[in-house]
Amino acid sequence: MAEIDAFRDEIARWIAANAPKSLVGAPTAELEGVWGGRKAKWSNPDQKRWLDACAERGLTAPEWPRAYGGGGLTREEAKAFRQELAKAKLPPPLIGFGLTMIGPTLLMFGNEEQKREHLPKICRGEIRWCQGYSEPGAGSDLAGLQTRAVLDGDHYVLNGQKIWTSYADLADWQFCLVRTDPNAKKQEGITFLLFDMDTPGVSVKPIRLISGSSPFCETFLTDVRVPVKNVVGKVNGGWTVAKALLAHERTMIADAFGGAAGGGKSKGLSGFARDYLELDEAGRLADASLRHRIAQTEMDTRAFLLTTQRARDAAKAGHAPGSESSMFKVYGTELNQRRLEVMLAIAGPQALGWEGAGFDDAELAMTRDWLRSRANTIEGGTSEIQLNIIAKRVLGLPD
Amino acid sequence: MAEIDAFRDEIARWIAANAPKSLVGAPTAELEGVWGGRKAKWSNPDQKRWLDACAERGLTAPEWPRAYGGGGLTREEAKAFRQELAKAKLPPPLIGFGLTMIGPTLLMFGNEEQKREHLPKICRGEIRWCQGYSEPGAGSDLAGLQTRAVLDGDHYVLNGQKIWTSYADLADWQFCLVRTDPNAKKQEGITFLLFDMDTPGVSVKPIRLISGSSPFCETFLTDVRVPVKNVVGKVNGGWTVAKALLAHERTMIADAFGGAAGGGKSKGLSGFARDYLELDEAGRLADASLRHRIAQTEMDTRAFLLTTQRARDAAKAGHAPGSESSMFKVYGTELNQRRLEVMLAIAGPQALGWEGAGFDDAELAMTRDWLRSRANTIEGGTSEIQLNIIAKRVLGLPD
Amino acid sequence: MQLVLTEDQELLAKTAADWVREHSPVSRVRQLRDANDPLGFSRAHWKQMAELGWVGIPFDEAHGGAGMGFADLAVVLEALGRTLAPEPFFSTVLLAGQAIAQGGSDAHKQAWLPGVCAGEKILALAYQEPHSRYDLLRVATQARPEGGGFRLDGQKIQVLDAAAADALVVVARTGGGEHEEEGITLFLVPKDAPGLAVTPQTRIDHRAAALVRIDGVHVDAGAAIGGVGEGAPLLAQVVDRATAGLCAEMLGSMSQVFEDTVAYLKTRQQFGVPIGSFQALKHRAAKVYMEIELARSAVMAAVRALDENAADVAKLVSLAKARCSDAFVLAANEAVQMFGGVGMTDEYDVGFYIKRSRVAEMTFGDAAWHRERWARLGGY
Amino acid sequence: MQLVLTEDQELLAKTAADWVREHSPVSRVRQLRDANDPLGFSRAHWKQMAELGWVGIPFDEAHGGAGMGFADLAVVLEALGRTLAPEPFFSTVLLAGQAIAQGGSDAHKQAWLPGVCAGEKILALAYQEPHSRYDLLRVATQARPEGGGFRLDGQKIQVLDAAAADALVVVARTGGGEHEEEGITLFLVPKDAPGLAVTPQTRIDHRAAALVRIDGVHVDAGAAIGGVGEGAPLLAQVVDRATAGLCAEMLGSMSQVFEDTVAYLKTRQQFGVPIGSFQALKHRAAKVYMEIELARSAVMAAVRALDENAADVAKLVSLAKARCSDAFVLAANEAVQMFGGVGMTDEYDVGFYIKRSRVAEMTFGDAAWHRERWARLGGY
């Protein structure tokens, strides 16, 4: 038996022994997963038990080094663990930007002290993180950010405003970009900084979206004192850190939407359509125009998923990754928008509900998902920015 | 009886009395019309007779002043004449860039001597004109043209190369843009000039297109001496003349394609499709995907024609024309391309013929028309340039 | 057909634009929503619109109307569409009102139209059913003869302004199968008829719609609008009129959201320049502009064809609706994308337009449905 | 399934790319066209390709082949597609050759495949008819029993390399109606069979196609490939293989024309800057890039599915063909537009690609046809 198979057997047994039965089949969607943190709410006490059991074994961050609370698994082993989880219909023990964004960034750019301080808390789900990048005047032009950090002894004093900080109202710490040298070229005066959201001078205001949800906040910073040791990477060298993290974020968003477009919705578009549309004598969707749109969307999704697979296979085979993350981000998010637009076209008048009578829960959720999806091509770097990146980095077109 | 009805009766009687029977139903397409000129070829001697009869009465240029060989008709009367021609299934007596491009330009910018010299010859079909605007290095960036004109006594001496001069090999005179001040800002050193193609130093080479036809030429100018009196408008003021003429050209191209998309092909797309596609029991096109593409193209065509009508109606009602010509140019040409692509999809494998066995004449013509149509969005100002113009002039977006 | 506004129409357009600017900003829609107003519109505004003569535009002078045309009404609807005014033009004037005006008896007209024109009576048309989508012939609601009149049973969905209405025009089957043209009848039912139950629905545009349950509602023989069993052509005609009206409203909405977008492109700075100086955005804006221009021509042609009773009126209405659906959705989607993050916030108005774009798209048939209808009308 | 080239495939790709660069520039296609070459390809080049082992890739070693897979063949076809090499891979290797390899008797294989693999024998598959479009079951050519064999009558169109072929595989009906699956049989017919008349056709890509008239052609019973009346599944399987191969070729063509376009965008100057610095063109180029990337993944999956005999091979082939059709047409259209005027001239190569894009699109079904097939295979 190959080593990996032995590992797989062992981890499957461990899962069977440790996973609470009440979590089997639990939803895995963003809003319903376990994010942890000081303000964590447990919709089921077993969630906490499952988190602790996994954290104990390093399985909240399977590939991180054991020294920092990770599992020290190989990529292959981590994949086997995720597959066994899926097989057992179990949710991941923990999700969030600690695991997907700041953790990998600290592993790459953090010093030893930072790693030892922050990574174990992420792995145990004790601290929830949020991202302070954008500002009202710095969206696509992220490097145009104006939040100032002025050195005062062994602290930086922060003043400014961040926007689009996801779940800042639920987070404990924020990683952010600040301007430490206002006289340098704009990319060169930026520093990457961590701070506790409980620091005096930090206030947070949720932003209500057109979908009715408020996943984002504004964060106002007034004379916020942050220890100098919280600088990640070099002072004025934050842009390098930021770009690496953005690539992570793009990949994460692309994966999320590729996954959703693929198998996330169990029935698929054509199954969904059967609930709304007439069938012809042969049992096919009678509306040929919608049938074609459905086929096109399903096919584009398959081609997209094959492309993400191809990138992974190439990476495994030792080919250096290119600038795929921009392509995946722009294509994956536009695909998700198209998928939801096709669902709207299928549901027709039943897609128009906001709440209450005459629309079922799935219909109402679809409508809100559609509205929410319009942000997919904006957040994490707009489609326009991604296309610019592809043109420049992949195609080598001139500025 | 209204005056216009009286005119209509009179002109219908005149047509009946003067139009050669052999021309009834003659094709009106670009390549088969009467272009006149010294090298004119008459596929039928009646073409010449009909031209002369019309020219005699000023009906080759119905709205131009009688003093210059025109008919002096009002817009309404000219329209009635064209409608009566169409009713009698007669081709226009004369077509070409004299009537559509340089004539209107001379009426607007030419001096009295120039009008008296050139306009009557255009009206009588004696001189055929071509346009020397683009150069190998000056396509979309037309104002970047390099053909030099240096003053030498009462002549300019031209050196340079023009490209995309339509039918230069068949033309007698050329109107062109030349650089008379190489030190001025690029739009400000250009002059609009007329010259006889028989002048020593002018040579012409047809360009073979991918469609197999050669409607365009390169014109090489080597020490070509052109009298100063052939300057139209001001020296170094040619850009103003050029822009006005370009707007004419755009409108002409848009009209041509709008017309072609509308009624030019007698059966329409849906009729064309009946020759190739299966019908269902209800007698409808069984291929729903193509049925939708056909409907969409027909509907877009109708909406486009309604928009050109609206612009005309607005002009008639005294509203100043906006920058519609750019919109009509870009939309009309792309519509024509789409129409031909739908025809290709309908004809399927029968759309692949170049010549010879297994394809009928209409199929071969369609295929070549499709190839030729790819230039529609390039010639007369690319779609990209038109969109720039709309963004700037209509929407007021900043440079 | 002249595709240009008459001087009177220009004046009407200006009056309407001025009134809208002063009395009906988008914030009004937001307030109605936030107040969870069950009416969904303002009776005071509706009364004003009636006094301005707008409500009565398409009705005979004999019944208190202005005896004007759809080309005139379109001018007003376009102005109202600019700021998404939710007053009950569709339910009262274009749907139920036109059903009575085109198919009703003198008694029906006398009883209802003067009140409608005065802005005092609200009417609603109950025609959509849970599975009917855009098919007007898919009517499952039954009307069986009973005591010299009819007994109605069935369910209707998304009936606009049903809660506010004084009476409903209900589409029911007096005969024929669920898809058949024969056997459809329109009945005028007072809102307080026993057996009629109205449950409000909340849609993304927050205009007032409702589920209507019809359980053994009795109407007398005189309640039928037009001939019994012959209602399908009347219904089609009414919906075509309402569709043309909706297109005019959509034209206003898409024009406004596009103008807002262009204004934003000129002011929002990124990378030290206005984002409207980026060529990719310029070209996309130019394309939205062209789509709106073509939509405008199609709408102008459709409403004039209605007024002139032109032979191809149904095709022109489908042309207008297909183009307006596509153009409004495009304009609204591009607006959100070009506004970027702030366009996704409830604080900005853009969200109201993108929501309305989908409701309007899916009212009276989406673009694909109208392309299919165009092909059918064209015999292919 | 691993969507990555093996080391052997990398090597094969490099060999093919080098050979193409040295021996098969686009100018070769131009010369063949200008010479009005009736063969439409070069026998010398074909022989070389056989010697390099490419022709025999998908055939058994027992018959002179390499016993390799479609994923290997795809690598070679992609390289050849880059410069539009017109050699008879489709007719000889992928269509008729695969018909014999997959369905033929030992005798058929012994008789033909070694010659094919050696580059000495040319074969053609006659399956399309004047009104069949993309429907493989629409076969009007009749095969009636006659003297212990069959008598064939019918007409075929656009038969690739028929003029050069030593034998034709002819699809005919031994039973069933024009659309029925039952009753289709494939017959191997020597080119010199009395009653067979081949008339060359000139298509826009100038590859050799021909009309084939079949007037009372007699074949003996042994000419049938596979079971009599049971040819439909074999034909479908063969055409799926050829389609996957065509996709690989298209991938090469679209990649090349796109790379040429990007290179032109970097060098062509207007307004004092390279036109590739204009954002609208950048974004469009980025979109073409993405479409080609997705097409590549689909092609790699399809050819691997063929090699692995995967359950969803038909769906993956349709996915590849739909995506390649759309992507190649897009890449070629954008190439002409971005090259501008010179792209329209016969002097530049772009025109060869735009012409080939349409021929490839309409071979074995266009994108819409394959989307419809995908839906059918998905049961909806």
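Remember, it's a predicted structure, so these values are computed and weren't measured experimentally.

Cut-off values and rules
- Residues numbered from 1 in each chain as written.
- Chains lettered and ligands numbered in written order.
- Predicted model: local features only at pLDDT ≥ 70, side-chain atom pairs only at ≥ 80, totals over all residues.
- Heavy atoms only, no water.
- Contact = heavy atoms within 4.5 Å.
- Buried area = accessible area lost by both parts, 1.4 Å probe.
- Salt bridge = Lys/Arg side-chain N within 4 Å of Asp/Glu carboxyl O.
- Polar contact = N/O pair within 3.5 Å; in protein donor to acceptor, adjacent residues only side chain to side chain.
- Helix = DSSP H or I, 4+ residues; strand = E, 2+ residues; numbered from the N terminus.
- Least-squares fit on C-alpha atoms with pLDDT ≥ 70 in both.
- Buried < 20%, exposed > 50% of the residue type's maximum accessible area, 1.4 Å probe, protein only.

**Student:** Please clarify how the interface of chain C and chain A should be interpreted in this entry.
**Tutor:** Bring the parts together and some accessible area is lost; that lost area is often taken as the interface size. Taken together, the contact pairs 41 residues of chain C with 45 residues of chain A. Both faces considered, chain C and chain A share a buried interface measuring about 3,400 Å² in area, 58% of it formed by carbon and sulfur atoms. Contact with chain A buries area across many residues of chain C, yet R133, Q337 and M344 of chain C alone supply 21% of it, more than any other trio. Applying the counting rule to chain C against chain A returns four salt bridges. R284 of chain C is the salt-bridge partner of E384 of chain A, the closest N and O atoms lying 2.8 Å from each other. Between the two partners, chain C and chain A, sit 22 residue pairs in polar contact (both at pLDDT 80 or more).

**Student:** How do you make sense of unusual backbone geometry when you look at a structure like this?
**Tutor:** For residues other than glycine, phi is negative in most cases, and the peptide bonds are mostly trans. Residue and element names in this part refer to chain D. At D161, a position not held by glycine, the phi torsion is positive, near 60°. In this structure, D161 sits in the loop between β3 (149-156) and β4 (167-173). A positive phi angle, near 65°, is found at F364, a position not held by glycine. When you line up the elements, F364 lands in the loop between α10 (350-361) and α11 (367-377).

**Student:** Is there a simple way to think about the relation of the copies chain C and chain D in this case?
**Tutor:** Superposition record for chain C on chain D: RMSD 0.0 Å, screw rotation 180°, translation along axis 0.0 Å. Here the symmetry operator amounts to a two-fold rotation axis. Within chain C, A280 of chain C has its C-alpha nearest the rotation axis, a separation of 2.1 Å. A shared interface surface links the copies, since 100% of the contact residues of chain C are contact residues in chain D too.

**Student:** Help me understand the environment of V55 of chain C in this model?
**Tutor:** Residues and elements named next belong to chain C. The residue V55 is located in the loop between α3 (43-51) and α4 (70-82) in this model. Looking at V55, the relative accessible area reads 0%, which means it is buried. Remark: the alpha-carbon pair of V55 and P194, spanning 139 residues in sequence, is separated by 30 Å. Beyond its immediate stretch of four places on either side in the chain, V55 contacts W46, M49, A50, F89, V93, V116 and C117.

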